[in-house]
Amino acid sequence: MTQRILALLILTLFIWSCSLAPAAKDIDIVTRADWGWVALTDTIPTHEIKYITIHHGGEDFPKDKDVIKYLIGLQSWSRSDKNWIDNPYHYMIDLEGNIYEARPIEYPGDTNTDYDVRGHALICVMGNYENQILSETQFEKLALLTATLADKYDVPAELIKSHKDYTETLCPGEDLYRYLEDGSLLKRVAELRHKSQAL
């Protein structure tokens, strides 16, 4: 009888502990190798992630645009025209919500504006959200990626912001920024935190 009670108690505790553990959320990332990234030929001092900062591409992105060609072109332009070491962002999200690795996150990103990007994990949603509408899928993937990075680097909610929160710019565009302004993005990130799989 005692053994049966003990076994039942252990089973109850096991079930209870499982119910407390958050379910892992899948995060699929298109790796640099998958999209044809060209390895760095130069480096800059590394940094530690303390912030997560959301951008948009700032140019209209039609649905039929070839994302891979765009990424390769952005990398080439960043190096040849801007003299940056790589694409300016660490992660990029396309119109379908696919997430792509870009610049290795240990290196600070780049910007055409004047804020200090050291310590920032830069996420860019492809498109111009002054003109385009962020889809529900893009919103969810942005929240999931942000939550995953926030968990990995222990970034508090108050340090998850957008480009325009640091400098004079329209980025990340009116339609994307409204989700930061009304708190709905941070609310969704909070729901997903500690549930995402590690990058």
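One structure accompanies this document, and this report is about it. (Residues numbered from 1 in each chain as written. Predicted model: local features only at pLDDT ≥ 70, side-chain atom pairs only at ≥ 80, totals over all residues. Heavy atoms only, no water.)

1. Considerations on helix α3 (residues 67-80)
Next up, step 1: For α3, with 14 residues, the first-to-last C-alpha span of 20 Å sits near the 20 Å given by 1.5 Å per residue.
Next up, step 2: Among all positions of α3, only Val67, Tyr70, Leu71, Leu74, Gln75, Ser78 and Arg79 are buried. Looking down the long axis of α3, one finds its buried residues gathered within 160 degrees of arc, a one-sided arrangement.
Next up, step 3: Contacts made by the buried residues of α3 are with α2 (32-35), β3 (91-93) and β4 (99-101).
Next up, step 4: Backbone nitrogen of Ile68 and a side-chain oxygen of the N-cap are separated by 3.0 Å at the start of α3; the cap is Asp66. (Helix = DSSP H or I, 4+ residues; strand = E, 2+ residues; numbered from the N terminus. Expected span 1.5 Å × (residues − 1). Buried < 20%, exposed > 50% of the residue type's maximum accessible area, 1.4 Å probe, protein only. Arc of directions from axis to C-beta. Contact = heavy atoms within 4.5 Å. Polar contact = N/O pair within 3.5 Å; in protein donor to acceptor, adjacent residues only side chain to side chain.)

2. Points about the nonpolar core
Next up, step 1: Among the nonpolar cores identified, the biggest contains 46 residues, and Met92 and Leu185 are the most heavily contacted of them.
Next up, step 2: Elements that contribute at least two residues to this core include exactly β2 (51-56), α3, β3, β4, β5 (120-125), α4 (136-153), α5 (174-181) and α6 (184-192).
Next up, step 3: Sorting elements by how many residues they give to this core places α4 first, with eight residues.
Next up, step 4: Leu185 has contacts with Ile54, Phe139, Leu142, Ala143, Tyr179 and Leu180, leaving out every residue within four places of it along the chain. (Core = buried A, V, L, I, M, F, W, Y, C linked by side-chain atoms within 4.5 Å.)

3. A closer look at the layout of surface pockets
Next up, step 1: By volume, the largest pocket is sized at about 240 Å³.
Next up, step 2: Around the largest pocket sit 17 residues that line it, and His56, Gly57, Pro88, Tyr89 and Asn112 are the ones nearest its centre.
Next up, step 3: Secondary structure elements with two or more residues in the lining of the largest pocket: β2 and α3.
Next up, step 4: The element contributing the most residues to the lining of the largest pocket is α3, with three residues.
Next up, step 5: Here the residues of the lining of the largest pocket are counted per class, giving seven nonpolar, eight polar and two charged. (1 Å grid on protein atoms, 1.4 Å probe; cavity = no way out; pocket = protein on both sides within 12 Å on 5 of 7 lines; lining within 4 Å. Points joined across faces, edges and corners; volume = space filled by probe spheres on them. Nonpolar A, V, L, I, M, F, W, Y, C, P; charged D, E, K, R; others polar.)

4. Considerations on the sheet that holds β5
Strand pairing in a sheet relies on backbone hydrogen bonds. The paired strands run either parallel or antiparallel.
Next up, step 1: Read across the open sheet, the six strands follow the order β1-β4-β3-β5-β2-β6; overall the sheet is mixed. Strand pairing shows two members of the sheet lacking a second neighbour, β1 (29-30) and β6 (160-162), which therefore form its edges.
Next up, step 2: Inspection of the sheet shows β3 paired to β5 by three bridges, in the parallel sense. Within β5, the position partnered with Ile93 by the bridge is Val125.
Next up, step 3: Helix-sheet contacts for α4 involve β1, β2, β3, β4, β5 and β6, and the interaxial angle to β5 is about 170 degrees. (Pairing = 2+ DSSP bridges. Axes fitted to C-alpha atoms, helices over the stretch in contact; angles between N-to-C directions.)

5. Overview of the state of the cysteines
Next up, step 1: A full pass over the atoms with the stated rule returns zero disulfides.
Next up, step 2: Residue Cys124 stays outside any disulfide, its sulfur separated by 7.0 Å from that of Cys171, the closest cysteine. (Disulfide = S-S within 2.5 Å.)

6. What about the side chain of Gln132?
Next up, step 1: Within the secondary structure, Gln132 sits in the loop between β5 and α4.
Next up, step 2: Within the local environment of Gln132, its side chain forms a polar contact with the backbone nitrogen of Phe61, the two atoms lying 2.9 Å apart.
Next up, step 3: Not counting residues up to four positions away in its chain, the partners in contact with Gln132 are Glu59, Asp60, Phe61, Leu95, Gly127 and Asp175.

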